[in-house]
Amino acid sequence: MSKVAVLGAGSWGTALSIVLADNGHSVRLWTYRKEQAEAINATYRNEKYLDADIPEQIKACHELKQAVDDVSAIVMVVPTKAIRDVCKELNNTLTHRPTIIHATKGIEPGSLKRISQVIGEELARYDSEDIVVLSGPSHAEEVGKRLPTTVTVSSLNTQHAAYAQDLFINESFRVYTSDDMIGLELGGALKNIIALGAGISDGLGYGDNAKAALITRGLAEIARLGVSLGANPLTFLGLPGVGDLIVTCTSHHSRNWRAGNLLGRGQKLDEVLDQMGMVVEGVRTTQAAYQFAREQQIEMPITEGLYTILFEDKQPGDVVEQLMNRNKREEMNDISAFSSDSRPQ
Ligand SMILES: NC(=O)C1=CN([C@@H]2O[C@H](COP(=O)(O)OP(=O)(O)OC[C@H]3O[C@@H](n4cnc5c(N)ncnc54)[C@H](O)[C@@H]3O)[C@@H](O)[C@H]2O)C=CC1
Ligand SMILES: O=C(CO)COP(=O)(O)O
């Protein structure tokens, strides 16, 4: 059995800690807020973030050194906006070289770097090739209740990926491996854009047809951008693509869907984010993907439309009208990212 540090005591960090504890590992759940660590240790609950009892093998702490000393693995689950700063602190703290697994779903606006790239840049003892990513359709609320869930792990270092698979896999949490780390990270990040769109669609009162269109046309956009950055398009037909799109676009657990739903009902972005109180990664990811798509001339009409709603105050109904009235097209052209020409040889 291993000692594992989980950095980030939000809903996903807490749910992953429960999986690890169920597998017999001893877990140190790190939060930067002292009061939160004390409350978790006193009550075995993390009230604001997850409705679940926390097993005794999980000890919360707010000192990073105490969290990572001696561990065989570190699971990073802080939001994208915090990842660089937490890595800088970790770099000053770590004196050994545990396996690093991350489960954060985002890309860095401005640089468009994937999370493993950011970690590899900030931690002197690691390259991004050493990092493992864990992604897939997995709402914390269901994982905390031990409901059947499947995810995928990937690393360019296959031994590290196999270690992560063994660490997490159990009868209610099935873990696959993949050799497409880029696809895994981009699939998990970009589906949040489409989930915001699905929430807006429901908020506007549209039906299942509109949502099915968003999911499939959104998948084509994800594949186009993903392939341009080196992903295998087939990854997007698996758990980190279609799987995560389905769960995030159709489940009311999704914070991205819920935020979109409030926008569709007419609320402003600032009000919505205040109300959510939890991370809505799709907002910053939309900004990053929009900027990259423009620079690289990649066609991403849903992402562009969403960007104008989020950052240019466009009315959601007007954006839908614009999307529906684009020039006539042939569908096959738009899904050519899945053709054999796009796949890595
Ligand atoms: N909640 C879920 O079901 C899933 C979430 N994820 C991903 O996991 C990541 C984390 O999400 P959640 O746990 O859901 O978020 P959350 O909103 O539930 O919690 C975020 C946590 O990060 C902490 N935090 C915020 N700023 C920080 C900083 N500067 N330094 C250190 N800690 C900071 C907060 O105190 C909070 O504990 C996101 O990238 C999300 O997309 C992935 C799969 C499932
Ligand atoms: O990534 C997730 C499920 O796989 C969680 O999505 P939300 O961040 O929208 O809640």
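Residues numbered from 1 in each chain as written. Chains lettered and ligands numbered in written order. Predicted model: local features only at pLDDT ≥ 70, side-chain atom pairs only at ≥ 80, totals over all residues.

Participant: Honestly, the site of ligand 1 in this entry has me stumped. Any pointers?
Facilitator: The local shell around ligand 1 holds 27 residues, among which Gly10, Trp12, Ala82, Ala140 and Met278 are the closest. Elements supplying a minimum of two residues to the shell around ligand 1: helix H1 (11–22) and helix H4 (80–93). Element by element, the count of residues in the shell around ligand 1 is highest for H4, at four residues. Split by residue class, the shell around ligand 1 holds 13 nonpolar, 10 polar and four charged. (Near = placed C-beta within 6 Å. Helix = DSSP H or I, 4+ residues; strand = E, 2+ residues; numbered from the N terminus. Nonpolar A, V, L, I, M, F, W, Y, C, P; charged D, E, K, R; others polar.)

Participant: Looking at this structure, how should I read the site of ligand 2?
Facilitator: Close contacts around ligand 2 come from 13 residues, with Ser138, Thr248, Ser254, Arg255 and Asn256 the closest. Secondary structure elements with two or more residues in the shell around ligand 2: helix H8 (181–203), helix H10 (239–250) and helix H11 (255–264). Top element by residues in the shell around ligand 2 is H10. It accounts for three residues. Across the shell around ligand 2, the residue classes break down as three nonpolar, six polar and four charged. Both domains that furnish three or more residues to the shell around ligand 2 are identified here as domain 1 (3–179) and domain 2 (182–342). (Domains from an automatic or database assignment.)

Participant: How should I be thinking about the confidence of the model for the chain in this particular structure?
Facilitator: Detailed reading of the predicted coordinates is not advisable wherever pLDDT falls low. In the predicted model, the chain carries a mean pLDDT of 96, and 99% of its residues have values of at least 70. Listed scores for the predicted complex are pTM 0.97 and ipTM 0.99. (pLDDT = per-residue confidence, 0-100.)

Participant: I'm lost on the domain arrangement of the chain in this one. Help?
Facilitator: Each assigned domain of the chain is listed with its residue range as follows: domain 1 (3–179) and domain 2 (182–342). Between the C-alpha centres of domain 1 and domain 2 there is a distance of 26 Å. Facing 26 residues of domain 1, the contacting portion of domain 2 comprises 27 residues. Per-element tally for the side of domain 1 that touches domain 2: the top contributor is strand S7 (residues 149–154), with four residues. (Contact = placed C-beta atoms within 7 Å.)

Participant: Is there a simple way to explain the sheet that holds strand S8 (residues 173–178) in this structure?
Facilitator: Read from one edge to the other, the open sheet built from eight strands follows the order S3-S2-S1-S4-S5-S6-S7-S8, with strand pairing classed as mixed. Taken across any chain shown, the strands that pair with only one partner, and hence form the sheet edges, are strand S3 (58–61) and S8. Here the average twist between neighbouring strands, direction ignored, is 25°. As paired elements, strand S1 (residues 3–7) and strand S4 (residues 73–76) share four bridges and run parallel to each other. Bridge assignment links alanine 5 to a residue of S4, and that residue is isoleucine 74. Taken strand by strand, helix H5 (residues 115–122) contacts S4, strand S5 (99–102) and strand S6 (132–135), and its axis lies near 145° from that of S5. (Pairing = 2+ DSSP bridges. Axes fitted to C-alpha atoms, helices over the stretch in contact; angles between N-to-C directions.)

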